[in-house]
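Report on the structure
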Amino acid sequence: MREKYLALILGMILITVLFFWLAGNTLKKNEADIKSYDKKIKNTLEKLNSAMIMDEQLRQFTEIIGNSLTKEDKFSVDELNDFQKKIESLRDQNQMKLVKISDSNKFAEAGMLETTYTIELEGTFQQMGQFISALEAQNHIIKIQYLDISPTQIATKSGTQDPNAPNKYKISLELSIFKVKKGA
């Protein structure tokens, strides 16, 4: 009888060892499969993110191209007023003082329209940088023809100015907006 119990216990031990050995092998195989799937998912997500970024950039480019094509021979008054409002909005967002703004049509190459804005602003160097960055981010073909920065107020320790006040600059800016005639 004792031998039967001993054989039964040895059989149970053997079955238990076999069970854990098979479970361990299965887990190792599954772990390798999971790592393989994780790498594939990571690569696919990287490709998806790149494609989404590229899609956004191409949409913006399409919008710029759409805004820059025309069948007209000159800029309409509404277009000029809208752009001037955008400039005013950007100036207001950056809390700069508008000294002067004027626009004029320029003679451009055949098949192109060009209008030029001359803008004079006052503000800090940081405000100027933010204004120009926001201006160049507009959905138009814009070229800055001329940029002049000169100090108007320098924070000094003597005089009536606050010594902690930031330096103020006068920014003179000449920029051109271009459009291309369709079929040119």
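All of the points below concern the structure found in this document. Note on numbering: residues in each chain are counted from 1, in written sequence order. Where totals are concerned, whole chains, interfaces and linings use all residues; where local detail is concerned, this predicted model gives features only for residues with pLDDT of at least 70, and gives and counts side-chain atom pairs only at 80 or more. The basis for every side-chain value is the complete set of non-hydrogen atoms in the structure, without hydrogens or water.

Turning our eyes to something else, we now look at the pairing of strand β5 (residues 168-181). Here, a strand pair is defined by DSSP locating no fewer than two bridges between the strands. Only DSSP runs of H or I covering at least 4 residues are called helices, and only runs of E covering at least 2 are called strands; the numbering of each starts at the N terminus. Taken together, the 2 bridges between strand β1 (residues 69-70) and β5 define a ladder with parallel strand orientation. Within the sheet, the bridge partner assigned to Leu-69 lies in β5 and is Val-180. Across 12 bridges, the pairing between strand β3 (residues 112-123) and β5 is antiparallel. When the bridges of β5 are listed, Leu-121 appears paired with Ile-171.

Exposure above 30% relative accessible area and no salt bridge define the residues that can form patches, which grow by joining like charges within 9 Å and nonpolar side chains of Val, Leu, Ile, Met, Phe, Trp and Tyr within 5 Å. Residue-level accessible areas treat just the shown protein chains as cover; the underlying method is Shrake-Rupley with a 1.4 Å probe. Should a side-chain nitrogen of Lys or Arg be within 4 Å of a carboxyl oxygen of Asp or Glu, the pair is scored as a salt bridge. Residues Leu-6, Ile-9, Leu-10, Ile-13 and Val-17 make up a contiguous nonpolar surface patch of about 490 Å² in total accessible area. Accessibility expressed as a relative area gives 52% for Leu-6, which makes it exposed. Accessible area is worked out with a 1.4 Å probe on protein chains only. A residue is then buried under 20% of its type maximum, exposed over 50%, and partly exposed in between.

In a helix, the anticipated span is given by 1.5 Å times the number of residues less one. For helix α2 (residues 77-93), built from 17 residues, the straight-helix expectation of 24 Å at 1.5 Å per residue is met to within 8% by its first-to-last C-alpha distance of 24 Å. Immediately downstream of α2, the backbone of Gln-95 shows phi near 55 degrees, a positive value.

This brings us to the packing of aromatic side chains. The geometry of an aromatic ring pair is captured by the separation of the ring centres together with the interplanar angle, meaning the angle of the planes. Any two of the Phe, Tyr and Trp rings considered here, Trp counted by its six-membered ring, make a pair once their centres fall within 6.5 Å; the pair's planes then place it as stacked at under 30 degrees, edge-to-face at over 60, or tilted in between. Within this structure, the stated rule accounts for 3 aromatic pairs. A centroid spacing of 5.9 Å and a plane angle of 70 degrees characterise the contact between Phe-125 and Tyr-169, whose relative ring orientation is edge-to-face. Of this pair, Phe-125 sits in helix α3 (residues 125-136) while Tyr-169 sits in strand β5, placing them 44 residues apart in sequence.

Mapped onto the fold, Glu-174 is located in strand β5. Measuring from C-alpha to C-alpha, the distance between Glu-174 and Glu-46 comes to 42 Å, with 128 residues separating the pair along the chain. Sequence-distant contacts of Glu-174, defined by excluding residues within four places in its chain, comprise Lys-106, Thr-116, Tyr-117, Thr-118, Lys-143, Ile-144, Gln-145 and Tyr-146. It only takes one pair of heavy atoms within 4.5 Å for two residues to be counted as in contact.

Now for the nonpolar core. One finds Phe-83, Tyr-117, Phe-131, Leu-135 and Leu-175 to be the most contacted residues of the largest nonpolar core, which totals 19 residues. Going through the elements one at a time, α2, β3, α3 and β5 are the ones with two or more residues in this core. By nonpolar core we mean a set of buried residues, namely Ala, Val, Leu, Ile, Met, Phe, Trp, Tyr and Cys, connected to one another through side-chain atoms within 4.5 Å.

This paragraph deals with the pattern of salt bridges. The final tally for this structure, using the stated rule, is 6 salt bridges. Among the salt bridges present, the one from Glu-79 reaches Lys-179, with a minimum N-O distance of 2.3 Å. Separated by 100 residues along the polypeptide, Glu-79 in helix α2 and Lys-179 in strand β5 bring together distant segments of the chain. Given the relative accessible area of 28%, Glu-79 is considered partly exposed. Look at Lys-179 and you get buried, because its relative accessible area is 8%.

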